[in-house]
Amino acid sequence: MSELEHVFVNERENKAVRGDAMSGTERLRERVVETLDSVVIRFVGDSGDGMQLTGSEFSRAVAKAGHGFATHPDYPSEIRAPTGTVFGVSGYQIQYGAGQVFTSGDAPDALVAMNPAALRTNISDVKHGGIVIVNVGAFTDASLVKAGYTSNPLEDGSLDGYRIFHIDISALTAAALRDSGLSKKEVARCKNYFALGLMLCLYGRSIEDEIDDIHQKFAKTPQFADANVEALRAGFAYADAAEIFAASYHVREAAAEPGVYRSITGNHAAALGFVAASELSGVGLFLGSYPITPATDILHELSALKHFDVTTFQAEDEIAGICSTIGAAYGGALALTTTSGPGMALKTEALGLAVMLELPLVIVNVQRGGPSTGLPTKIEQSDLLQAVYGRNGECPIPVISARSPSDCFDCALEAFRIAVKYMTPVILLTDGGIANAAEPWRIPDVARLPKLEVRYRTDAEGFQPYARDENLARAWVLPGTRGMEHRVGGLEKDFLSGNISHDPMNHQRMVAVRAAKVARTAQDIPPTRVEGPASGELLVVGWGSTYGTIAQAREIAEADGRSVAHVHLRHLHPLPPDLGEVLARYKTVLVPELNMGQLSKLLREQFLRDVVPLTKVQGKPFKVSEVHDRILELS
Amino acid sequence: MSELEHVFVNERENKAVRGDAMSGTERLRERVVETLDSVVIRFVGDSGDGMQLTGSEFSRAVAKAGHGFATHPDYPSEIRAPTGTVFGVSGYQIQYGAGQVFTSGDAPDALVAMNPAALRTNISDVKHGGIVIVNVGAFTDASLVKAGYTSNPLEDGSLDGYRIFHIDISALTAAALRDSGLSKKEVARCKNYFALGLMLCLYGRSIEDEIDDIHQKFAKTPQFADANVEALRAGFAYADAAEIFAASYHVREAAAEPGVYRSITGNHAAALGFVAASELSGVGLFLGSYPITPATDILHELSALKHFDVTTFQAEDEIAGICSTIGAAYGGALALTTTSGPGMALKTEALGLAVMLELPLVIVNVQRGGPSTGLPTKIEQSDLLQAVYGRNGECPIPVISARSPSDCFDCALEAFRIAVKYMTPVILLTDGGIANAAEPWRIPDVARLPKLEVRYRTDAEGFQPYARDENLARAWVLPGTRGMEHRVGGLEKDFLSGNISHDPMNHQRMVAVRAAKVARTAQDIPPTRVEGPASGELLVVGWGSTYGTIAQAREIAEADGRSVAHVHLRHLHPLPPDLGEVLARYKTVLVPELNMGQLSKLLREQFLRDVVPLTKVQGKPFKVSEVHDRILELS
Amino acid sequence: MNDLSVPVALTKKDFESNQDVRWCPGCGDYSILAQVQKLLPTLGIPRENFAFISGIGCSSRFPYYMETYGIHSIHGRAPAIASGLKLTRPELSVWVVTGDGDALAIGGNHFIHAMRRNVDLKVILLNNRIYGLTKGQYSPTSEFGKRTKSTPLGSIDRPFSPVSLALGAGATFVARTVDSDQPHLASVLARAAVHKGTAFVEVLQNCIVFNDGAHNALTEKATRDDARLMLEHGKPLVFGKNRDQGIRLAGMAPEVIKLGDGAVSEAELVVHDEHAMHSGLAFFLSQFESPELPVPLGVFRAVRQPTCDELNAHLHEATREAKGRGRLADLLHGGDTWTIV
Amino acid sequence: MNDLSVPVALTKKDFESNQDVRWCPGCGDYSILAQVQKLLPTLGIPRENFAFISGIGCSSRFPYYMETYGIHSIHGRAPAIASGLKLTRPELSVWVVTGDGDALAIGGNHFIHAMRRNVDLKVILLNNRIYGLTKGQYSPTSEFGKRTKSTPLGSIDRPFSPVSLALGAGATFVARTVDSDQPHLASVLARAAVHKGTAFVEVLQNCIVFNDGAHNALTEKATRDDARLMLEHGKPLVFGKNRDQGIRLAGMAPEVIKLGDGAVSEAELVVHDEHAMHSGLAFFLSQFESPELPVPLGVFRAVRQPTCDELNAHLHEATREAKGRGRLADLLHGGDTWTIV
Ligand SMILES: Cc1ncc(C[n+]2csc(CCOP(=O)(O)OP(=O)(O)O)c2C)c(N)n1
Ligand SMILES: Cc1ncc(C[n+]2csc(CCOP(=O)(O)OP(=O)(O)O)c2C)c(N)n1
Ligand code: SF4
Ligand code: SF4
Ligand SMILES: [Mg+2]
Ligand SMILES: [Mg+2]
């Protein structure tokens, strides 16, 4: 009997003891505890099964234990797809471990599948020999058909190769809640807490904190609080008692930097960063935006902060979103607009105006799968060239990008720093991956955050609307300031007065100075940080959300003795002044991107240097192995 | 007494004989006739002075004599600027000569200035020693002030260095029309015909044809016809009789290719090209457009052609312009939208949809000075990177460009050929220069025009909406065809059925196939034509409206013994397959563009080859000398 | 292959595509889809001559479920795309299905221009007063003060009345109905289908997930009779459980009066006239809002005016009659020419 | 430097910028500029507190000529820019100057949403029923059948009534006047200036170059008294050279009747009420079109409703009262946190 078969038998036998297990309190102390450096777990179920909650609660629990983690939620674009269908499957993956965790992981070590559709769409991702916990209660004939199964995978041997655990989570939850007084439907909704309890036990975490949290969350409906707690306990107890689990797992903890932490998504971090910019500068924040996936959460976050100096304006479309923002910038606000690809396309004409007006403005593009409506809920990095080049005329705008959820906070501040210092719109690129993914974030000390200085000109003496300071920035003058009434506009303007000018040489000069100003923002870019050897075989250059994947792939390769370095760009336009020199120090440059090679194009053009693109457009992040494999081939 | 002083004296003396000169019929047969290879003449005056008419009538006259010519109209963006102001000056330049004339000329040999503002804004362009004919009647104290003169240039010596002719065109016209019964204002309006008559005489052309034309033009108002004819005659007679003109000019004629010719602007040629595409394919043309300078004339032209199968739809904005066009393409029309820079920016989201739908569509961007509203009536080539890259997602679209006014006809046909053959949107770039400039065009024989084959799929058997032919094009199916009802949309779609697909590998495949299809359009690009040596020192690579300038600069340099070749690109995305190999044959590649180096960027990126950009953003075309100088430096 | 020359009697099933319907269980969109699928086979139009154009939103998924030609386009632009299609192919029956966000937020401009131009389109707006697909932000029809994901403290925008907006833009056919009243929905859609010109139908639709019960007052048995006013052409404006209330003019403002008891007679009431050329009455009705006034359901306005596509075709014909069918060679040789031999 | 602390009495001259006015000689825009420049000094607002926002068009050059703050923005977007500015700086007096193309073609969506939201903006639409700056294409207010550069065979689009559209979108202040009637223009602008909320004024403006005489019937001495209806609050609708015609209701449709001769009394006429909360009357009037009916000039509607900027400020205050002024450190530490020591 193979190990796997052994598991199966265990499981089948175990079915009989289900009822008992529920009440089992005595612990299987003799169970093996395996210790791991890190683990990848994925929760999958129907959209209505609450897997996002289960996943994020699990994350919270491990986070509080001091683990590093990274998550990847993956939900359908349908609001509430018919139950049991494959396109209605919602998933949440977490990798956690000792020290910094770079990505949510290539392949789950453990999968919790709440129904056949979830199993079918996820099983092939699971590691060979991985744990698969299946809610067999949902494996009815009808639901198998709905999921597109022609035979029951639990019985047809198609799952050989995994460590399958058949657990009737539906029935066990119902049994636990039989006295709760809740309806059948309400009881069914508690099964995600059963699964959570089960997994917390299996991975050696306590449930006390979670119980507190449930009571808080459901404070207004105590009967649901109680039921969920009950389900949680039942799941925990089941795992604790059930003999099917031959082992439980301990993931090593490693002391992270001391501090206060929270779990944060990219959109949330960006929102906080923008509020921080406002508070640090003492200038009100104005967000003009039109909802669009996956950017809308920034609007959601900020619209609740009316006790701050934050105004949100849900505009009639993306054009009004950016235009209201231009109006706000003219009025002296820290002006922000947020969107995603198709919305970005609509903003390009107004971006041109912002360039002409030379007003500070931040435009966030949370990239998603394109072109057109594309894959709205999926990750992609294919709007880079649009950000750099996508406007009529010579219309330069600084472009920066965030590398991780928490980096969105820093980039939000950086974007406004550039915007205000140089009086220019700034594009901040994030993407659907980091926007919704969570990671632990050491909350910064407000007193230590970089100052953001905003100066409005108030001295009317010698005022010229387009006179420039040493950074080539013109002055920011608030309407309402006496003695400096002036007009600005989208027609080419005189170099100093800003009045309309059709003068040929003036146009040439203005085009040049706008370009020079954007080029000058590069003066603040710190020296390029290289992870790994300062010169050698291979340099991997990335940008945006691929950071974690590349970093991990590089670390693994380096541990294997490969000469491979990594540069991850925050500033994409202009590029860091020393980048050409850095590239020159390596024999090969590999550029992984979730597009068809857009940064590669910029590097080739700028440095006349051949690079090796590694591209992927599948609505999914790179796997560490994909980058690692390529590194091995090239180093 | 210098030659110039001599002229002045002549002129001053001549003032006395003005009245007489009017009636003079006896010709100064003894006048010297200088023979020239080509000549550049510029007419300048107030917007209300009718200089555009004068210029285009003069062009017509020389065209009919078999000259090659090229024109450059330059008018203010104001509709009717206050009279006498410098920003209200309107100009029209023509170069004509023996054989092909490439450009409207760097510097006028002769300037006709109808008022002080016109003189002030144009005099510095005139060739050293050039002819300047001034309507002294308009040089009142008030108008000098309005033009910003602090002293009278006719008297302060500032015009030394030119051959100045003081002629009171206002008074002479008034005198000629004293019996016309017209009001003073109406009489004043005839002075452009006086100027025309004068110049026709001076340059050895008769006025008979022009007289016929005036009668036709003013058929409904015979009193104006008569007055204009009278003014024309008076101007001719004046020049014929006046002693001030020591010479008259004969420009050499050279037999052009036999055929029927007309004068044509780029916008007009494009409109005709689109109608030709419709007639040749037997498929109706649909234009959805929103007016914008300098593209509107295409709409104007086509909206008058309701006796053809041409529907024009003036949409509520540019977005509706392209969207109506997408609807029309779906309905089976040759679908077209026309715009300029800011309007192009607004169309980018819908362009993405067109790429996803894989419908044939032609988008014309008549580029103008940018960014933003920029310089709406001026020439620039700064929307190239926007055309190639300016959309969200991986969103490839073929881009082509026209090199001259008449080339717009051929490019219109070529754009639809690509669109229909590959089922793709195609962007055609022209610019404000060629859109309004005129050149002679040998009218093609309709029977010899390339066929444009349109096939709609009608066979429902085995139909799959996104199945592809050997060119990777999907089938064009008309709604109304039984048995092939299907839905298309902007979400990523299944490789064959076109149904929504979120499948990761399908997305990768679709992104790849859309790119491959656009890349495949390169298969039809003919081998790159090189003017000049097949290899050597210097290759000049240009695109769009700079053709004539570069061609002429090259010819001059070659005549001087320089090794310099010229490639002018029609296809900008994808680039011609053999281009890399062509570039490699020259030591240096010079890329002149009316932008900051956009084609240079594409060449550098694609071929990792350094090129020398020659850029200009002054709202004006290159001068031949600017390109020529650079050629000399590099060859 | 089927013999395509024989016309087939169509049924609802013929209009159901093979795509799984992906709206939330209980969404009001289902009933609207069903009614449209029932209606089309009765119109005597070959199936292949229908085209459904939509933008983006839950509502805009509609075309995928229709076994007709169709485009699921981009957000807000369906009326423009449909206009281009209809002008190109006047023989098609072109439908636009849209949502309150799609039509009135991002698509507001195309919406009003379609109404103005009177292109022969059927425009069905599924109004759930919320952005469904993006998971619950307020829309231009959301109530003042509404708390949503993007207005957690309550919205400060006043909503559009889609009917008023359409009338303000000059619509020739305007109607309102609700998703749950299937017979009424069916009859209003049928009226829209036969109208020549832009036919605009606002369907009050329930979004069970993000705005459940938004139209309850109008749909629940207990309240609806007092909350709604069923418009009938030529009939006085009477409503209420016992049909005992009516609308009278006070100046130009509406006044609710009790009927019966002989106190007030029906003769004093405003009489509905769908066909009034002056759209004052229709607009007057469109301003009725609960709870002060009953919400009118039915056809507000239905007047026949030449449609954009008819006029376009006419212009072509007239021009050809006057000038003769254009010939390319003539066109190319137009204007001044000269010959070089 | 001037002492800026002392308020100065302003004059028209103070509002004239140093830029040459570049409209065509004889353009109707001049008189509108002059009236606005005359009006502003009377409003008691410091000059620096005015901002003029425009789009693109001849009309949109307006801000350049005003010695105030201003933006000559992009085509159609002025209302959106102005809304952002006003929300940011409620103390400013923000004006939008726009054209029939700018506001109603490309800018239609922002226009209707500004009306709906009731942001405290003054929106002045210079309606010459043509695209002036692009040299003469028909606009959304051009007459049906009009021949222009882009409709050489006559336009097939029905025009918007800007007033109807604004009312359909829920505007709280709507008025119409003409460029050449300076006292009327002045008084209507003055009314708009003091309205709290979006104040929309349509100024019929003559484009002497591309659409000369478009409003002649309303402005020429010989015809105007019969062609226009001067609205006065609380007064019956009377017009005509001898004030001998009036408007009566026939059902809900307008009927022109002869007055005098004792046949019909003024009491039967419709009485104008600017302040009616129900906008039915205003809309009814907005549908009057020549030659059948006289064209109303004056204030159609003026009702006070909370403005978007007021509500926004209020929401901030209320939230701060409830929650206290937000503190960044608290915000960053919000949600679940854990400490690693
Ligand atoms: C250009 C663009 N902007 C924004 C979006 C995001 N988006 C999709 S649907 C939608 C609103 C849908 O609301 P509604 O039209 O009322 O449809 P419903 O889902 O309520 O039926 C939005 C904002 C988008 N897809 N494209
Ligand atoms: C995005 C964009 N599209 C088109 C144009 C061209 N354009 C400039 S003004 C104008 C129309 C102006 O009409 P209107 O608003 O009535 O102003 P008017 O000149 O008549 O005062 C157009 C189409 C533009 N500048 N920008
Ligand atoms: S979110 Fe609302 S509108 Fe969308 S499908 Fe679900 S119930 Fe229907
Ligand atoms: S074109 Fe018309 S609207 Fe424009 S400035 Fe001239 S007269 Fe005025
Ligand atoms: Mg909705
Ligand atoms: Mg206009």
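Residues numbered from 1 in each chain as written. Chains lettered and ligands numbered in written order. Predicted model: local features only at pLDDT ≥ 70, side-chain atom pairs only at ≥ 80, totals over all residues. Heavy atoms only, no water.

An unreviewed UniProt entry annotates chain C as 2-oxoacid:ferredoxin oxidoreductase subunit beta originating from Aromatoleum toluolicum.

**Overview of the overall build of chain A**
The secondary structure content of chain A amounts to 22 helices and 22 strands. Its C-alpha atoms give chain A a radius of gyration of 27 Å, within 12% of the compact-globule value 26 Å for 635 residues. In terms of principal-axis extent, the alpha carbons of chain A reach across some 90 × 60 × 45 Å. Considering chain A as a whole, with its 635 residues, one finds that 67% of them fall into the buried category. A separation threshold of at least 6 residues defines the contact pool for chain A, and within that pool the share at least 24 residues apart is 76%. (Helix = DSSP H or I, 4+ residues; strand = E, 2+ residues; numbered from the N terminus. Rg over C-alpha atoms; globule rule 2.2 N^0.38 Å. Buried < 20%, exposed > 50% of the residue type's maximum accessible area, 1.4 Å probe, protein only. Contact = heavy atoms within 4.5 Å.)

**Quick look at the coordination of the magnesium ion (ligand 6)**
Reference geometry at the metal: tetrahedral coordination by four donors gives ideal angles of 109.5 degrees; octahedral coordination by six donors gives 90 or 180 degrees. Residues and elements named next belong to chain D. Protein coordination at the magnesium ion (ligand 6): the donors are Asp-100 (OD), Asn-128 (OD1) and Ile-130 (O), at 2.1 to 2.2 Å from the metal. Coordination of the magnesium ion (ligand 6) draws on donor residues from a single chain, spaced D-x27-N-x1-I in sequence. Residue Asn-128 shares its accessibility class with Ile-130, and that shared class is buried. (Donors = N, O, S within 2.8 Å, 3.2 Å for Na, K, Ca; no water.)

**Looking at the UniProt feature "domain: Thiamine pyrophosphate enzyme TPP-binding" (unreviewed entry) in chain C**
With numbering aligned to this structure, UniProt lists the feature "domain: Thiamine pyrophosphate enzyme TPP-binding" (unreviewed entry) at residues 56-203 of chain C. In the segment residues 56-203 of chain C, helix accounts for 32% and strand for 20%; the C-alpha atoms at its two ends are 17 Å apart. (UniProt positions renumbered as here; feature names shortened; annotations may be inferred.)

**Structural notes on the interface of chain A and chain B**
With 60 residues of chain A in contact, the opposing surface of chain B contributes 60 residues. For the pair chain A and chain B, the summed buried area comes to about 5100 Å², and 62% of that belongs to carbon and sulfur atoms. At the surface where chain A touches chain B, the tally comes to 2 salt bridges. Run the count over chain A and chain B and you get 26 residue pairs in polar contact (both at pLDDT 80 or more). Taken together, the elements giving at least two residues each to the side of chain A that touches chain B come down to α14 (341-357), α15 (384-389), α18 (504-520) and α21 (598-607) of chain A. Per-class residue counts for the side of chain A that touches chain B are 21 nonpolar, 24 polar and 15 charged. (Buried area = accessible area lost by both parts, 1.4 Å probe. Salt bridge = Lys/Arg side-chain N within 4 Å of Asp/Glu carboxyl O. Polar contact = N/O pair within 3.5 Å; in protein donor to acceptor, adjacent residues only side chain to side chain. Nonpolar A, V, L, I, M, F, W, Y, C, P; charged D, E, K, R; others polar.)

**Re the relation of the copies chain A and chain B**
Between chain A and chain B, the superposition needs a rotation of 180° and an axial shift of 0.1 Å, giving an RMSD of 0.1 Å. The superposition of one copy onto the other is thereby described by a two-fold rotation axis. An overlap of 100% is found between the interface residues of chain A and their copies at the interface of chain B, pointing to a shared contact surface. (Least-squares fit on C-alpha atoms with pLDDT ≥ 70 in both.)

**A short note on the site of ligand 3**
The local shell around ligand 3 consists of Ile-79 of chain A together with Trp-23, Cys-24, Cys-27, Cys-58, Asn-128, Gln-205, Cys-207, Ile-208, Val-209 and Phe-210 of chain C. Per-site note: the chains with residues close to ligand 3 are chains A and C. Looking at side-chain class alone, the shell around ligand 3 contains 9 nonpolar, 2 polar and no charged residues. (Near = heavy atom within 4 Å.)

**Here we look at the environment of Cys-27 of chain C**
All names here are of chain C. Within the element layout of this structure, Cys-27 appears in the segment before α1 (29-39). Taking relative accessible area as the criterion, Cys-27 reaches 12% and is therefore assigned buried. Residues Cys-27 and Arg-89, 62 residues apart in the sequence, show an inter-C-alpha distance of 33 Å. Once you skip the residues sitting within four places of it in the chain, Cys-27 turns out to touch Gln-205, Asn-206 and Ile-208.

**A few points about the site of ligand 1**
If you check the shell around ligand 1, you find 22 residues, and the closest are Glu-318 of chain A together with Cys-58, Ser-59, Asp-100 and Asp-102 of chain C. More than a single chain frames ligand 1: its nearby residues are located in chains A, B and C. Between ligand 1 and Glu-318 of chain A, the relevant distance is 2.4 Å, taken from a nitrogen atom to a side-chain nitrogen or oxygen of the residue. Here an oxygen atom of ligand 1 sits 2.9 Å away from a polar atom, N or O, in the main chain of Leu-133 of chain C.

**Focus on unusual backbone geometry**
Leave glycine aside and you will find that most residues have negative phi; peptide bonds, for their part, are mostly trans. Omega for the bond connecting Gly-370 of chain B with Pro-371 of chain B falls within 30 degrees of zero, at 0°, which places this linkage in the cis form. You can see Pro-371 of chain B is positioned in the loop between β13 (361-367) and α15 (384-389). Here Ser-290 of chain D and Pro-291 of chain D are connected by a cis peptide whose omega angle stands at 5°. Inspection of the secondary structure puts Pro-291 of chain D in the loop between α9 (280-286) and β11 (295-302). Phi at Met-423 of chain B takes a positive value of approximately 50°, unusual for a residue other than glycine. In this fold, Met-423 of chain B is placed in the loop between α16 (407-422) and β15 (425-431). Of the residues examined, Met-423 of chain B reaches a relative accessible area of 2% and is grouped as buried. Residues other than glycine seldom take positive phi values, yet Leu-608 of chain B does so here, at roughly 45°.

**Things to note about the sheet that holds strand β12 (residues 337-340) of chain C**
The 3 strands are arranged β16(B)-β9(B)-β12(C) in an open sheet whose pairing can be described as antiparallel. Single-partner strands in this sheet number two, and they are β16 (438-442) of chain B together with β12 of chain C. With strand direction ignored, the average angle separating the axes of adjacent strands in the sheet is 35°. Summarising the sheet, strand β9 (residues 259-265) of chain B and β12 of chain C pair through 4 bridges and their orientation is antiparallel. From the neighbouring strand, Val-260 of chain B faces β12 of chain C, where its bridge partner is Thr-339 of chain C. (Pairing = 2+ DSSP bridges. Axes fitted to C-alpha atoms, helices over the stretch in contact; angles between N-to-C directions.)

**Looking at the interface of chain D and chain A**
Taken together, the 61 residues of chain D in the interface contact 70 residues of chain A. For the pair chain D and chain A, the summed buried area comes to about 5800 Å², and 61% of that belongs to carbon and sulfur atoms. When the buried surface of chain D facing chain A is broken down by residue, Tyr-69, Leu-332 and Trp-338 of chain D rank first, second and third, together holding 15% of it. The residue Asp-336 of chain D makes a salt bridge to Lys-64 of chain A at a minimum N-O spacing of 3.7 Å. One can count 31 residue pairs in polar contact (both at pLDDT 80 or more) joining chain D with chain A. Contributing elements (two or more residues each) for the side of chain D that touches chain A: β2 (69-72), α2 (78-88), α4 (108-117), α10 (308-323), α11 (328-332) and β12 (337-340) of chain D. In terms of residue class, the side of chain D that touches chain A is built from 24 nonpolar, 25 polar and 12 charged.

**What about the confidence of the model for chain C?**
The predicted model of chain C has a mean per-residue pLDDT of 95, with 97% of residues at 70 or higher. Interface confidence in the predicted complex, given as ipTM, is 0.95; pTM for the same model is 0.94. (pLDDT = per-residue confidence, 0-100.)

**Quick notes on α2 of chain D**
Burial runs high along α2 of chain D: 10 of the 11 residues are buried. The set of residues buried in α2 of chain D consists of Ala-78, Pro-79, Ala-80, Ile-81, Ala-82, Ser-83, Gly-84, Leu-85, Lys-86 and Leu-87 of chain D.

**Examining the pairing of strand β12 (residues 334-339) of chain B**
Residues and elements named next belong to chain B. With respect to burial, β12 is a largely interior element, 6 of its 6 residues being buried. Burial along β12 is two-sided: the face carrying Leu-334, Leu-336 and Thr-338 and the face carrying Ala-335, Thr-337 and Thr-339 are both buried. Both strand β10 (residues 285-289) and β12 contribute to a ladder of 3 bridges, which runs parallel. Bridging from a neighbouring strand, Phe-286 pairs with Ala-335 of β12. Pairing analysis gives 4 bridges linking β12 to β13, with the strands arranged parallel. Pairing of Thr-339 across the sheet is with Asn-365, part of β13.

**Comments concerning the state of the cysteines**
In the structure shown here, the tally under the stated rule is 0 disulfides over all chains. For the unlinked cysteine Cys-323 of chain A, the closest cysteine sulfur is that of Cys-395 of chain A, found at 14 Å. (Disulfide = S-S within 2.5 Å.)

**What to know about the sheet that holds strand β8 (residues 238-239) of chain C**
All names here are of chain C. On the basis of which strands lie adjacent, the open sheet formed by 3 strands has the order β8-β9-β10 and antiparallel pairing. Each edge of the open sheet carries a strand with a single partner, namely β8 and β10 (253-258). Where β8 lies against strand β9 (residues 245-250), 2 bridges are found, and the strand directions are antiparallel. Along β9, the bridge assignment pairs Val-238 with Gly-246.

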